[in-house]
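The chain contents come next:
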Amino acid sequence: MITSETGVAAGVFNPTTAGPGQTTLTYTYTDGNNCSADATQTISVDAAPTVNLAAFSTVCVYNPSMALTGGTPSGGTYSGSGVTGGNFDPATAGNGTHTITYTYTDGNNCSNTATTPVTVNTAPNVSFNSPVSSLCTYNNPLTLSGGLPAGGSYSGSGVSTGVMNPAS
């Protein structure tokens with residue numbers, strides 16, 4: 001029969017119940033003559049490392065792949081949808097909220113994880129129908145319109161504050 005100060009039930013040692021620190025396990029044997037003897041062994045139960053992962057900013061599906069940072073202690077690995085080699089690719093992950101996991105293993109071979117969500121937003125559906133298809137350099141400046149949804153901005157060669165100057 002195996003017993004200990006704490007953490008043993010029905011001959012099974014549970015390190016979580018025992019908790020971190022030194023634990024003495026005792027094995028007791030009783031023979032057919034009702035004589036018994038004990039043997040003890042002290043083992044060390046190591047605490048799992050404290051692992052943290054900082055929050056991620058929301059990204060758009062078209063954003064470039066980004067290096068993952070914010071996991072502590074340093075030296076762990078990142079995993080999850082869209083994660084390859086310590087980088088997160090929003091296009092690979094796709095639209096929605098994804099869980100990034102940071103796993104760290106310490107020198108005692110004890111591991112722990114931390115998770116943080118990252119949200120990938122879809123790109124808006126944008127259209128632009130110019131009021132004209134061609135201009136001559138001598139035409140008057142043209143106020144651009146026709147971009148949907150409303151509220152965007154215009155840019156390009158000869159465009160300033162939403163006005164295109166053909167002479168430019």
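Relevant structure appears above.
Residues numbered from 1 in each chain as written. Predicted model: local features only at pLDDT ≥ 70, side-chain atom pairs only at ≥ 80, totals over all residues. Heavy atoms only, no water.

Draft legend 1. Quick look at the side chain of Thr116. For Thr116, the position within the fold is in strand S14 (residues 111-121). When its relative accessible area of 7% is taken as the criterion, Thr116 is described as buried. A polar contact is formed between the side chain of Thr116 and the backbone oxygen of Leu53, at a distance of 3.0 Å. Residues within four places of Thr116 in sequence aside, it is in contact with Leu53, Ala54, Ala55, Phe56, His98, Thr99 and Ile100. (Helix = DSSP H or I, 4+ residues; strand = E, 2+ residues; numbered from the N terminus. Buried < 20%, exposed > 50% of the residue type's maximum accessible area, 1.4 Å probe, protein only. Polar contact = N/O pair within 3.5 Å; in protein donor to acceptor, adjacent residues only side chain to side chain. Contact = heavy atoms within 4.5 Å.)

Draft legend 2. Quick peek at the packing of aromatic side chains. Tallied over the full model, the rule gives two aromatic pairs. Taken together, a centroid distance of 4.8 Å and an interplanar angle of 50° make the contact between Tyr78 and Tyr102 tilted. With Tyr78 in strand S10 (residues 77-79) and Tyr102 in strand S13 (residues 96-105), the pair connects residues that are 24 residues apart, well separated along the chain. Tyr102 matches Tyr78 in its accessibility class, with the two residues each being buried. (Phe/Tyr/Trp six-rings, centres within 6.5 Å; stacked < 30°, edge-to-face > 60°.)

Draft legend 3. A look at the side chain of Thr101. You can see Thr101 is positioned in strand S13. Excluding anything up to four places from it in sequence, Thr101 contacts Thr77, Tyr78, Ser79, Thr113, Ala114 and Thr115.

Draft legend 4. Structural view of the sheet that holds strand S16 (residues 142-143). Pairing is antiparallel in the open sheet, where three strands are placed in the order S16-S19-S18. Of all the strands in the sheet, just S16 and strand S18 (159-160) have a single pairing partner and so form its edges. Sheet topology places S16 next to strand S19 (residues 163-164); two bridges connect them, and they run antiparallel. If you follow Leu142 over to S19, its bridge partner there is Met164. (Pairing = 2+ DSSP bridges.)

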